[in-house]
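The chain contents come next:
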Amino acid sequence: MNTNLLTPEKDPMGHALTDYLNYGKAGKLRVFSTLFEEDEIPVKQLFRKPEELPALEQTALQLAAGNILDVGAGSGCHSLALQKAGKKVCGIDISPLSVEVMKQRGVTTAKQINLFDTHFTGQFDTILMLMNGSGIIGKLENLPAFFRRMKLLLAPGGTILMDSSDLRYLFEEEDGSFLINLNDDYYGEIDFRMQYKNIQGESFHWLYIDYQTLDLYAQQNGFCTELIQEGEHYDYLVRITQI
Ligand code: SAH
């Protein structure tokens, strides 16, 4: 499991966030993947204000309580919304550039940390993983390692709030059935690479996971799940608690 931080030469998103913070606009943040056509992340979307957050994320913020960890906090939109609501939050990210952006935007506790780095310890009541937060887990085979990390980072009675999407809609046939080859890798395991101006990022694994599969892995690793809310497009928010 990769436990590194990003270096600025290989951090397109960090540069895009920095430009947007400094100039109020940014160039194209291009995304290449093994499944989708070449795409673009609107950088403005990574700076969404509390009232612009999608419904699932709003619910997660309302449920977040106690000592909160915002994993992969990016520009800090969730951390800032939580602070505004008077809650205590620590934002972490593997991108030193993004952590600088978070700090400049007023996130009081922002740290350069890889979630999987075992040197990082803490006792959090809520661990937030939002904007397809399951992505950071990378692959199904990393789920046991992920749950081991969670056991070490959660305070007694603590919960994980995570959103994800079931990508099965990409395999839907005209008659409504789904054509998924079970001999292939799990259909939600995608490789992505980003580019901003001339800065090329390394390719990375990103996991989209359907609720049933997540629930199964959670149970096998000493956790139980609760489906809190479903979004409009195969997306959902789940609460995961240690048994
Ligand atoms: N949560 C933010 C940003 C989502 S993009 C938002 O909703 O706007 C995902 C973020 O996760 C990126 O900033 C990326 O640098 C960070 N990230 C990826 N892997 C990580 C890891 N292992 N530990 C911590 N942060 C990670």
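Criteria and thresholds
- Residues numbered from 1 in each chain as written.
- Predicted model: local features only at pLDDT ≥ 70, side-chain atom pairs only at ≥ 80, totals over all residues.
- Heavy atoms only, no water.
- Core = buried A, V, L, I, M, F, W, Y, C linked by side-chain atoms within 4.5 Å.
- Buried < 20%, exposed > 50% of the residue type's maximum accessible area, 1.4 Å probe, protein only.
- Contact = heavy atoms within 4.5 Å.
- Near = heavy atom within 4 Å.
- Polar contact = N/O pair within 3.5 Å; in protein donor to acceptor, adjacent residues only side chain to side chain.
- Areas by Shrake-Rupley, 256 points an atom, 1.4 Å probe, with all protein chains shown as cover.
- Nonpolar A, V, L, I, M, F, W, Y, C, P; charged D, E, K, R; others polar.
- Helix = DSSP H or I, 4+ residues; strand = E, 2+ residues; numbered from the N terminus.
- Pairing = 2+ DSSP bridges.
- Axes fitted to C-alpha atoms, helices over the stretch in contact; angles between N-to-C directions.

S.K.: Can you help me understand the nonpolar core in this one?
M.R.: Nonpolar side chains tend to gather and get buried jointly when the protein is soluble and globular. Ranked by size, the top nonpolar core spans 48 residues in total, and within it Leu69, Leu115, Ile127, Phe146, Met150, Ile160 and Met162 carry the most contacts. Ignoring anything within four residues of it in the chain, the contact list for Ile127 reads Leu69, Val71, Met150, Leu153, Leu154, Thr159, Ile160 and Leu161. Counting 13 residues, the second largest nonpolar core, distinct from the first, contains Leu53, Ala64, Val89 and Leu128.

S.K.: Looking at this model, I keep getting lost on the site of the ligand. Mind explaining?
M.R.: Among the 16 residues in the neighbourhood of the ligand, the closest are listed as Arg48, Gly72, Asp93, Asn114 and Leu115. The contact in question runs from a nitrogen atom of the ligand to an N or O atom on the backbone of Gly72, over 2.8 Å. Within the backbone of Leu115, one N or O atom sits 3.0 Å away from a nitrogen atom of the ligand. Considering the ligand on its own, with 570 Å² of exposed area, one finds that the protein chains cover 89% of that surface. A class-by-class count of the residues in the shell around the ligand yields ten nonpolar, four polar and two charged.

S.K.: What should I look at first to understand unusual backbone geometry in this one?
M.R.: With glycine set apart, most residues show a phi of negative sign, and most peptide bonds adopt trans. The phi angle at Met131 is positive, at roughly 70°, despite the residue not being glycine. You can see Met131 is positioned in the loop between β6 (124-129) and α5 (143-153). With a phi angle near 50°, Asn132 is a residue other than glycine that sits in the positive phi range. One can find Asn132 in the loop between β6 and α5. Looking at Asn132, the relative accessible area reads 11%, which means it is buried.

S.K.: What is the right way to look at the sheet that holds strand β7 (residues 154-165) in this model?
M.R.: The pairing of strands in a sheet happens through backbone hydrogen bonds and is either parallel or antiparallel. What the seven strands build is an open sheet, ordered β5-β4-β3-β6-β7-β12-β11; its pairing is mixed. Edge positions in the sheet fall to β5 (110-112) and β11 (223-230), since each of these pairs with one other strand and no more. The average angle at which neighbouring strand axes cross in this sheet is 20°, direction not considered. When strand β4 (residues 88-93) meets β5, the two strands line up parallel, connected through three bridges.

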